[in-house]
Amino acid sequence: MAAEIIDGKAIAQTVLAKARAAASAFTPRAGRPPGLAVVLVGEDPASQVYVRNKSREAEAAGFRSEQHNLPVTTTEAELLALVARLNADPGIDGILVQLPLPRTIDTDRVLMAVDPAKDVDGFHPVNVGLLGSGATARALVPCTPAGSLILIESVLGPSLAGKQAVVVGRSNIVGKPIAQLLLQRDATVTIAHSKTADLAAVCRRADVLVAAVGRPEMIRGDWIRPGAVVVDVGINRIPAPERGEGRTRLVGDVATREAAEIARAITPVPGGVGPMTIALLMANTVTAAHLREGLPRPV
Ligand code: NDP
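The rules behind each value
- Residues numbered from 1 in each chain as written.
- Predicted model: local features only at pLDDT ≥ 70, side-chain atom pairs only at ≥ 80, totals over all residues.
- Helix = DSSP H or I, 4+ residues; strand = E, 2+ residues; numbered from the N terminus.
- Expected span 1.5 Å × (residues − 1).
- Buried ≥ 20, exposed ≤ 12 C-beta atoms within 10 Å, placed from the backbone.
- Arc of directions from axis to C-beta.
- Contact = placed C-beta atoms within 7 Å.
- Pairing = 2+ DSSP bridges.
- Axes fitted to C-alpha atoms, helices over the stretch in contact; angles between N-to-C directions.
- Domains from an automatic or database assignment.

**Here's the deal with helix α3 (residues 76-88)**
Here is step 1: Along its 13 residues, α3 runs 18 Å from first to last C-alpha, staying within 8% of the 18 Å computed at 1.5 Å per residue.
Here is step 2: Listed as buried for α3 are L79, V83 and L86. Buried residues in α3, looked at end-on, bunch into an arc of 60°, giving them a common side. What points out from α3, more than 90 degrees from its buried face, is the exposed set A77, A81, R85 and A88.
Here is step 3: Against β2 (35-41), β3 (64-70), β4 (94-97) and α4 (107-113) lie the buried residues of α3.

Now the structure itself:
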């Protein structure tokens, strides 16, 4: 039986609609719209697209939206000065510094400099700690992990009690926070990585399998437990000579067609986790705005 294809685009639209509604209720109450500042250093083409989409979505949601494009020659001190200005700006609720930063800049130092109350990426150690200690009501949770959880919930509902979850990948921005969220939903969580022995056997235990590796179609159909829910976070660009010379296409970390023969539900790439990430950024900005104004969390 073919798996349900989880429609990340459609689910992202419902998250965006809630964020927009919360923003339009917030604006008259606070006397100002929620504010998002997106900072890009350098000219990485993929980052330029991401940043443009984020700013555009923020405008569509009725936010004050600022985009700061800095040259690749920007020094760490200059970037830190901009972050300090945005921290001090009362009309800015969310600060997103697009990664990766040029090698000349210490990424950790920059992420640490963002006011945790405005850290809509959820990468500051304060938010990492709040998530790790289960204080999610006060935390700003990273967007891709939070979006992935909503996709899982769309199939299995809010409780994962009794379920085995396997997360492949242990990065600070994807793998580890997803594992924390699954644990909070009472799943029994395994985190696998490049040193895991017999990864295929570990994956076969999973009722919920999250792939966040960055290796095209590494997870094969026969690694999937029958009836599993599979979330493919990976975004990999591979050559697609069948589309013409020099053409490429996007694939995830899971061999989708094979896995869909076995799984209960699976996210596609593109159109799965990707659209959720930007929607959750808008939701996080509205949440940060409410928390900063002493209002209850809206979404
Ligand atoms: P990282 O490179 O930071 O982490 C990759 C993880 O995968 C590491 O923990 C690594 O293990 C593990 N890994 C690598 N090779 C193997 C292997 N052969 N077997 C098992 N584990 C392995 O990547 P990110 O977490 O930043 O991103 C992961 C993927 O998600 C990428 O494709 C990225 O493009 C995508 N992504 C998608 C987003 C979206 O919006 N959809 C947002 C962010 C990322 P180890 O720690 O041992 O090295």
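So much for the structure itself; the text now carries on.
**Here we look at the sheet that holds strand β1 (residues 4-5)**
Here is step 1: Ordered by their spatial adjacency, six strands build an open sheet running β1-β11-β8-β7-β5-β6, and the pairing between neighbours is parallel. Each end of this open sheet is capped by a strand with a single partner; those strands are β1 and β6 (188-192).
Here is step 2: As judged from the four bridges shared by strand β7 (residues 208-211) and strand β8 (residues 229-232), these two strands associate in the parallel manner. By the bridge assignment for β8, V208 is matched with V229.
Here is step 3: Packed onto the sheet, helix α6 (residues 143-156) meets β1, β7, β8 and β11 (265-266) and runs at close to 160° relative to β8.

**A short note on the domain arrangement of the protein chain**
Here is step 1: Here the protein chain is partitioned into domain 1 (33-115) and domain 2 (143-274).
Here is step 2: With centres defined by C-alpha atoms, the gap from domain 1 to domain 2 works out at 29 Å.

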